[in-house]
Amino acid sequence: MNIRDYIIRRLIFTIFIIIGITLITFILMHALPVDLAAMYAGNPRDNPATEVNEAEMMLKAAREKFGLDKPLWVQYGYYLYNLFLKFDMGISMRTHKPVGEEIINRLPATLELIFVSIVIAFVAGVAVGVISAKKQNKFTDHIMRIISISGVSLPAFWLAILLQFIFGSWMGWFPISGRYDPQLFHQYPFHTITGFYLIDTLVQGNFKMFGDVAWHLILPSIAMASYPFGAIARMTRATLLEVMDEQYIYSARAMGLPKRLITKYALKNALGPTLTITGLNFAYMLTGAFYVEWIFGWGGIGWFAGMALLNLDYTVIMGMVVVVSLFYVIVNLIVDIIQVYIDPRITLGEKA
């Protein structure tokens, strides 16, 4: 199967995945004892200055606007129609703004944090996994395994608070909130182009703000990277040890090839499962960012989704479900294709 047909088939499956997930979320959200029309209209009955008839008219208008006066299956049909044909995720009940616009405006902040975190996790995790495998059952191996298990075990929100307290509040080495220093921004302003502040500042040659943005990224990215780092390190160690027991590795040793070269070839064959777990963790971090963004006042979609959950803003929650589902599918698709190029033993037909 060629790459084009494989991608098309996976994208078709994605449509059914999104339909199934949104259907479950839609039913659960409408099962909650919440008047969505009153949430959008601000519950006019609570305002003594509002006449009873006027309040009823406002609630009726809100129900008609969102189709809440129709059966659930009709409402869900309208939602799928708007989502797939108009790419419209609806209006936020809390902000009264389009959900898609709100998510797009905040997505770069979260993706920038996730990209930096996953790079840290992958580089550090593979390095620790390789060292642990080469020093199997030795003191260094035990230390590395303790470190990787700690990364998996520590909750991201607890580690974020700990890093914030020690290195931010106590030692004062790093900032504890925001994406940049507002006072420094007034001296060295930059324009938002992509929403990725590292790229925006670098493109505009504003190295002062580039350094400040990078400095603000350190603590939250380390907190976000802890779990994927531990998972990647453990997977790299396990798969590398398995590959090192293969017959061709023994043959390479018998031929007198350098240990460093043997490890290089073995690592290439062991990276397949590591890439898979990296891709899964990349999508997982999209939801894991909720806690870290709240703690560090990051202002990405994690913070936005958290506010939606607190206010039961079901249109935003539905939109976040769609976005997270798409990320899981797309990231896994990219990982599968990369694996084919890394390991020639794998074909797209087998991965499908």
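Parameters at a glance
Residues numbered from 1 in each chain as written. Predicted model: local features only at pLDDT ≥ 70, side-chain atom pairs only at ≥ 80, totals over all residues. Heavy atoms only, no water. Axes fitted to C-alpha atoms, helices over the stretch in contact; angles between N-to-C directions. Helix = DSSP H or I, 4+ residues; strand = E, 2+ residues; numbered from the N terminus. Left-handed = near helix turned anticlockwise from the far one by under 90°. Nonpolar A, V, L, I, M, F, W, Y, C, P; charged D, E, K, R; others polar. UniProt positions renumbered as here; feature names shortened; annotations may be inferred. Expected span 1.5 Å × (residues − 1). Bend = angle between axes of the 7 residues up to and from the residue. Core = buried A, V, L, I, M, F, W, Y, C linked by side-chain atoms within 4.5 Å. Buried < 20%, exposed > 50% of the residue type's maximum accessible area, 1.4 Å probe, protein only. Contact = heavy atoms within 4.5 Å. Patch = residues over 30% accessible without salt bridge, like charges linked within 9 Å, V, L, I, M, F, W, Y side chains within 5 Å. Areas by Shrake-Rupley, 256 points an atom, 1.4 Å probe, with all protein chains shown as cover. Salt bridge = Lys/Arg side-chain N within 4 Å of Asp/Glu carboxyl O. Lys, Arg positive; Asp, Glu negative; His and termini not counted. Charge placed at Lys NZ, Arg CZ, Asp CG, Glu CD.

Angle between the axes and distance between the axes: these two values describe a pair of packed helices. Put simply, helix α5 (residues 99-134) and helix α12 (residues 259-296) touch, their axes get as near as 9 Å, and they point 145° apart. Regarding α5 and α12, the two cross each other, and that crossing is right-handed. Of the residues belonging to the contact of α5 with α12, the class tally is 15 nonpolar, six polar and two charged.

This part takes up the UniProt feature "transmembrane region" (unreviewed entry) in the chain. Here the UniProt feature "transmembrane region" (unreviewed entry) sits at residues 12-32, 113-131, 143-167, 213-233, 290-310 and 316-335. The span residues 12-32 carries 95% helix and 0% strand; its end-to-end C-alpha distance comes to 31 Å. Across residues 213-233, helical content stands at 100% and strand content at 0%; the span's end C-alpha atoms are separated by 28 Å.

For α5, spanning 36 residues, the distance from its first C-alpha to its last is 50 Å, which sits close to the expected 52 Å at 1.5 Å a residue. Its axis deflected by about 40° at L107, α5 carries its strongest bend there, up to four residues before the proline P108.

Membership of the largest hydrophobic core comes to 58 residues, with the highest contact counts inside it found for M89, I103, M224, L286, Y314, M320 and F327. If one sorts the elements of this core by residue count, helix α14 (residues 314-342) sits on top with eleven residues. Among all residues touching I103, those that are not within four sequence positions of it are M89, I301, F304, G319, M320 and V323. Core analysis: the next-biggest nonpolar cluster, separate from the first, contains 23 residues, A225, A231, L267 and L271 among them.

Positive charge collects at one region of the surface, where K134, K135, K138, R253, K259, R260, K264 and K268 lie side by side. In terms of residue count, α12 provides more of the positive patch than any other element does, four residues in total. In this structure, K268 sits in helix α12.

Here we take up the environment of Y78. Here Y78 lies in helix α4 (residues 72-85). C-alpha separation for the pair Y78 and G67, spaced eleven residues apart in sequence, amounts to 8.3 Å.

Attention shifts here to the pattern of salt bridges. Here the structure, examined in full by the defined rule, presents three salt bridges. One salt bridge connects R106 with E102, and the closest N-O pair in it is separated by 2.3 Å. With R106 and E102 both in helix α5 and four residues apart, this pair spans about one turn of that helix. With respect to class, R106 is no different from E102; both count as buried.

Looking at the element boundaries, M29 is found in helix α1 (residues 3-31). The class of M29 is buried, set by a relative accessible area of 13%. Placed 283 residues apart in sequence, M29 and L312 show a C-alpha to C-alpha distance of 8.2 Å. Beyond its immediate sequence surroundings of up to four residues, M29 is in contact with L312, Y314 and I317.

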